[in-house]
Amino acid sequence: MLSLIRRLLPQRQPDPAPQGRERLVAQQWPSAVYAIGDIHGCLPELQRIEQMILEDAAGVTGEIWLVYLGDYVDRGANSAGVIDHLLSPPPAGTRRICLAGNHEELMLAYCRNPVAGAQWLKLGAAETLQSYGVPMAGFATASVQARLGRLRSHIPFGHLEFLESLPVALSLPGVVLVHAGMKPDVPLDQQSDDILQWMRYEPASTAPWPEHLLVVHGHTPAAEPYISPGRICIDTGAYATGRLTAIRLVPGEVPHLLTATAHGPAE
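Cut-offs used in this document
Residues numbered from 1 in each chain as written. Predicted model: local features only at pLDDT ≥ 70, side-chain atom pairs only at ≥ 80, totals over all residues. Heavy atoms only, no water. Helix = DSSP H or I, 4+ residues; strand = E, 2+ residues; numbered from the N terminus. Buried < 20%, exposed > 50% of the residue type's maximum accessible area, 1.4 Å probe, protein only. Arc of directions from axis to C-beta. Contact = heavy atoms within 4.5 Å. Pairing = 2+ DSSP bridges. Axes fitted to C-alpha atoms, helices over the stretch in contact; angles between N-to-C directions. Parallel < 35°, antiparallel > 145°, perpendicular 65-115°, else oblique. Nonpolar A, V, L, I, M, F, W, Y, C, P; charged D, E, K, R; others polar. pLDDT = per-residue confidence, 0-100. Phe/Tyr/Trp six-rings, centres within 6.5 Å; stacked < 30°, edge-to-face > 60°. Lys NZ or Arg CZ within 6 Å of the ring centre and 35° of its normal. Core = buried A, V, L, I, M, F, W, Y, C linked by side-chain atoms within 4.5 Å. Polar contact = N/O pair within 3.5 Å; in protein donor to acceptor, adjacent residues only side chain to side chain.

Participant: Lay out the overall build of the chain with the relevant residues and their values.
Facilitator: Along the chain, the regular secondary structure elements total 9 helices and 11 strands. Burial statistics for the chain: of 267 residues in total, 53% are counted as buried.

Below you can see the structure in the form of structure tokens.
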């Protein structure tokens, strides 16, 4: 299943264009960081993984950061509900940090210009539009103005404003969290948004990796999380598998994985 999904994933050659989105830099760690992989409209799985995180962090003193690695929309059944949830107050004692994925860019591009952003319609847009109640009868063949009218009347401006405002990366001492990944030989502040949101790693890559740098990302789904000394990928294809994965990061501790389904922990 996931091998087929990867063949159908949007492919794009990273563009070394100027940066557009903010890169967050933290000089100190909170008590714990929990990174959450690609959600893709899977609201029940999101709610369950947050519950699991709170249970896992019950004994932690100090602030906990919940870092969402992007791709909140498309493919799953309830993108609108996911955005509503992310806009709600975070659980007590936590800070919610949402990063931008490539599917947020696809959605925004279409909402700005349905002609230039037409690629979105092939990559999970239908499920997103349906979650907002956009009438789909004749949508693809309607005039540009008619499509824009439907979008504006059904997608809250606050949701688009939220997607526009998302940073593209979070850097902590020794760790970078980002949607897709980063080139290991280029400083974060010199990487384009396209690279951080679209790049894919070669499965058998032997490229040298800087010491004391860990990149945590999603974007490339696999049946199980990928963990190596320099890179961790936690996209387990929630919209196809029903399994949403998070990882607990604490300096000096071995990263700890949590994976949930809509109704409980995954087997």
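Participant: Describe unusual backbone geometry, and please don't skip the residues or the numbers.
Facilitator: Phi is positive for Arg75, close to 75 degrees, though the residue is something other than glycine. The topology assignment puts Arg75 in the loop between strand S3 (64-68) and helix H3 (79-87). Under the relative-accessibility criterion, Arg75 is labelled buried at 17%.

Participant: Would you mind going over helix H6 (residues 144-154) in detail, with residue names and values included?
Facilitator: Every buried residue belonging to H6 is among Arg147, Leu148 and Leu151, and all of these are buried. Seen end-on, H6 carries its buried residues on one side only, within an arc spanning 100 degrees. In H6, the exposed positions angled more than 90 degrees off the buried face are occupied by Gln145 and Ser153. Where H6 is buried, its residues meet helix H4 (102-112) and helix H5 (125-131).

Participant: Describe the pairing of strand S10 (residues 244-249), listing the residues and the values that go with them.
Facilitator: Summarising burial for S10: 6 of the 6 residues are buried, a large majority. Here S10 shows two buried faces, one formed by Leu244, Ala246 and Arg248 and the other by Thr245, Ile247 and Leu249. Pairing geometry for strand S2 (residues 32-36) and S10, over 4 bridges, is antiparallel. When the sheet's bridge partners are listed, Ala35 is paired in S10 with Ile247. Where S10 and strand S11 (residues 256-260) come together, 5 bridges link them in antiparallel fashion.

Participant: Pulling in residues and values, what's your account of the sheet that holds strand S4 (residues 94-98)?
Facilitator: With respect to topology, 5 strands assemble into an open sheet ordered S4-S3-S2-S10-S11, the strand pairing being mixed. Either end of the sheet is taken by a strand with one partner, and the two such strands are S4 and S11. The mean inter-strand angle of the sheet, taken between neighbouring strand axes irrespective of direction, is 20 degrees. Seen against the sheet, helix H2 (residues 43-56) touches S2, S3, S4, S10 and S11 and runs at an angle of roughly 140 degrees to S11.

Participant: Which residues make up the packing of H2 against H3, and what are the values?
Facilitator: It is the contact of H2 with H3, at a shortest axis distance of 9 Å, that shows an interaxial angle of 30 degrees. Taken together, the axes of H2 and H3 lie roughly parallel to each other. In contact with Leu43, Leu46, Gln47 and Glu50 of H2, H3 contributes Gly81, Val82, His85 and Leu86. Here the residues of the contact of H2 with H3 are counted per class, giving 4 nonpolar, 3 polar and 1 charged.

Participant: Go over the confidence of the model for the chain, please, and point to the residues and values.
Facilitator: Put simply, the chain has an average pLDDT of 91, and 90% of its residues get 70 or more. The model gives residues 1-8 a pLDDT under 50, and that stretch makes 15 contacts with residues more than four places away or in other chains. Low pLDDT (under 50) marks residues 11-18, which in the prediction has 11 contacts with non-local residues, meaning those over four places away or in another chain.

Participant: How would you sum up the packing of aromatic side chains? Please name residues and give values.
Facilitator: Per the counting criterion, the structure on display carries 2 aromatic pairs. A cation sits over an aromatic face here: Arg231 above Tyr201, 4.0 Å from the ring centre.

Participant: Mind laying out the sheet that holds strand S7 (residues 214-217), listing which residues take part and the relevant values?
Facilitator: Sheet architecture is open: 6 strands sit in the order S1-S5-S6-S7-S9-S8, paired in mixed fashion. In this open sheet, the two edge strands, each paired with only one partner strand, are strand S1 (23-25) and strand S8 (226-227). As paired elements, strand S6 (residues 175-178) and S7 share 3 bridges and run parallel to each other. Counterpart to Val175 in the pairing with S7 is Leu214.

Participant: Could you give an account of the nonpolar core, naming the residues involved and the relevant values?
Facilitator: Ile36, Leu46, Ile49, Tyr68, Tyr72 and Met107 are the most contacted members of the largest nonpolar core, which totals 48 residues. Aside from chain neighbours lying at most four places away, what touches Met107 is Val73, Trp120, Thr128, Tyr132, Ile155, Leu160 and Leu163. In this structure, Ala35, Leu69, Leu177 and Ile234 belong to the second largest nonpolar core, which totals 18 residues.

Participant: Now, about the environment of Pro210: what can you tell me, with residues and values included?
Facilitator: With respect to the secondary-structure elements, Pro210 resides in the loop between helix H8 (193-198) and S7. By relative accessible area, Pro210 is classed as partly exposed at 31%. Separated by 20 residues in the primary sequence, Pro210 and Gly230 place their C-alpha atoms 7.8 Å from one another.

Participant: A description of the side chain of His40 should follow, citing residues and the corresponding values.
Facilitator: With respect to the secondary-structure elements, His40 resides in the loop between S2 and H2. On the basis of relative accessibility, which here comes to 4%, the residue His40 falls in the buried class. At 3.2 Å, the side chain of His40 forms a polar contact with the backbone oxygen of Asp74.

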